[in-house]
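# A closer look at the structure
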Amino acid sequence: MSNSPSLPDIYISFFMFTTDMFVFPINMESTDVDHKKLLVDHLKKLKDIGYSGFEFPIAPTSEEDFSQDIQKYKELREYIDAKELSDVKISTNVGATETFDPSSSDSQKQEKALTYLKSRVDITAALGGEIMMGPIVIPYGVFPGIWSDQLQEHLKGRYDNAKPILNELGKYAQEKNVKLAIEPITHWETPGPNKLSQLIEFLKGVESKQVGVVIDSAHEILDGDGPEKFSQQVAYLAQQQRLHYIQVSPPDRGALHTSWLPWQEFLTPVLKVYKGPIAVEIFNAIPAFVDSLRLSRRKFWIPGQDNPNSYPSAYEIAEEAIKATKKEITKFIGSL
């Protein structure tokens, strides 16, 4: 199945299955599993369902020699291509870390962060991708232990530290034909930026237009400024050539098709100005997320990784998600 020419490419995040493209947690009795083959099995099934692209999480590292990382992702793409999947499109999800923090006040740490993030651009290019998205300004989930006014004043300095690093990263990414889409993430997951308005302000200090934003419906619902302001922000970002990526995700990051998501209020301003891919992002109850996101809902069991049960599978949830997304996009197209 392929997308209609009138529809954008629809991707799905591999957070449904893993946080590391070389490690797929296996809950079945047999552990003798070829992880690359399992990846290809997922890609083929999801492609049959209708997805034309995939968002790969790029696992963080504490190493400082990234050449092996880049090489293994290059080989992964070659393996995927050899399995008759050369047409699939890939974006990447990358985060800053405590070790590699562009917002640090330590110039040596900043340089290490720049080198690290450049390697993630190289990985994106090696995978054939043109979009690297994620929380690449402030390390994800690392809270400084202060809140409210104190936190916002603290973040001002952190943002100022990060601006020149992100600008240099943008120049490098442009050479690699990779757009950088920074993600504003809700306040209960990370200290900042939480709001699209905060990220817009940050980007005023970053000259490179290669550095832009990803807008995630889940974060916008939880921390956004409402539909009227959202429309203005989307139009502004498009005019600034900084609207680089879109994700549709429910507030609980679970089943998209049964979620409380104001589809048309979200999609209408976006689709008026944005022609790129739209990614479905669902956080399955895999080990990496159960504790960190305090997931109380059941896992969508994963074919090839879990023993089947009577609850919906990851494939079923993915299929319902793309149906819902296409339906809502078609509604917008029909209103033109």
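Bear in mind that the values here come from a model prediction, so they are computed numbers and not experimental data. (Residues numbered from 1 in each chain as written. Predicted model: local features only at pLDDT ≥ 70, side-chain atom pairs only at ≥ 80, totals over all residues. Heavy atoms only, no water.)

## Some thoughts on the pattern of salt bridges
Think of it this way: side chains of opposite charge can pair up when their charged atoms draw near. Quick note on the threshold: Within this document, salt bridges are pairs made up of a side-chain nitrogen of Lys or Arg and a carboxyl oxygen of Asp or Glu, the two lying within 4 Å of each other. Only DSSP runs of H or I reaching four residues or more are called helices, and only runs of E reaching two or more are called strands; each is numbered from the N terminus. Using a 1.4 Å probe on the protein chains alone, a residue whose accessible area is under 20% of its type maximum counts as buried, one over 50% counts as exposed, and one in between counts as partly exposed.
All chains considered together, the criterion is met by 22 salt bridges. Ionic pairing is found between R158 and D101, a salt bridge with its closest N-O pair at 3.5 Å. In this pair, R158 sits in helix α4 (residues 148-175) while D101 sits in the loop between β3 (89-93) and α3 (107-126), placing the two residues 57 residues apart along the sequence. Exposure class is identical for R158 and D101. Each is buried. Between D252 and R297 there is a salt bridge, and its shortest N-O distance comes to 3.9 Å.

## Considering the packing of helix α7 (residues 227-239) against helix α8 (residues 263-271)
For the record, the criterion: Where helices are involved, their axes are fitted lines through C-alpha atoms of the stretch in contact, as for all axes, and angles between N-to-C directions lie from 0 to 180°. Any angle between 65 and 115 degrees counts as roughly perpendicular, while under 35 counts as roughly parallel, over 145 as roughly antiparallel, and the rest as oblique. The hand of a helix crossing depends on one turn: near helix anticlockwise from the far one by less than a right angle means left-handed, and clockwise means right-handed. Note on definitions: a residue-residue contact is assigned when non-hydrogen atoms from the two residues lie within 4.5 Å. Note that Gly is not counted as nonpolar here; it falls among the polar residues with everything else outside the nonpolar set of Ala, Val, Leu, Ile, Met, Phe, Trp, Tyr, Cys and Pro and the charged set of Asp, Glu, Lys and Arg.
α8 packs onto α7 with a crossing angle of 25° between their chain directions and a minimal axis gap of 9 Å. Compared by their axis directions, α7 and α8 come out roughly parallel. Crossing hand, α7 versus α8: right-handed. Only E265, F266, P269 and V270 of α8 make contact with α7, whose side of the interface consists of F230, S231 and V234. Considering only residue class, the contact of α7 with α8 consists of five nonpolar, one polar and one charged.

## Some details on the UniProt feature "domain: Xylose isomerase-like TIM barrel" (unreviewed entry) in the protein
Here is the rule we go by: UniProt positions are given in the numbering used here, feature names are shortened, and annotations may be inferred rather than shown by experiment.
Under the local residue numbering, the UniProt record ascribes the feature "domain: Xylose isomerase-like TIM barrel" (unreviewed entry) to residues 44-297. Along residues 44-297, the helical share is 45% and the strand share 13%, with 27 Å between the first and last C-alpha atoms.

## Here we look at the environment of S231
Topologically, S231 is positioned in helix α7. Between the C-alpha atoms of S231 and K272, which are 41 residues apart in sequence, the distance is 10.0 Å.

## Concerning the packing of helix α1 (residues 35-49) against helix α10 (residues 314-334)
Packing of α1 against α10 brings their axes to within 10 Å, and their N-to-C directions diverge by 35°. Crossing angle aside, the handedness with which α1 passes α10 is right-handed. Along the contact surface, α1 presents D41, H42, K45, L46 and I49, while α10 presents Y315, A318, E319 and I322. For the contact of α1 with α10, a count of residues per class yields five nonpolar, one polar and three charged.

## Looking at the sheet that holds strand β6 (residues 211-216)
Strand pairs in the sheet, formed through backbone hydrogen bonds, run parallel or antiparallel to each other. Convention followed: When DSSP finds two or more bridges between two strands, those strands count as paired.
With parallel pairing, eight strands are arranged side by side around a closed barrel as β1-β2-β3-β4-β5-β6-β7-β8. Along the sheet, successive strands turn relative to each other by an average axial angle of 30°, direction set aside. As defined by bridge partners, strand β7 (residues 243-248) adjoins strand β8 (residues 278-280) across three bridges and the pair is classed as parallel. The residue of β8 that forms the bridge with Q247 is A279. Contacts between helix α5 (residues 196-203) and the sheet are confined to β5 (179-182) and β6, with β6 contributing the most and set at about 175° to the helix. In the packing of α10 onto the sheet, the strands contacted are β1 (10-13), β7 and β8, and the crossing angle to β1 comes to about 145°.

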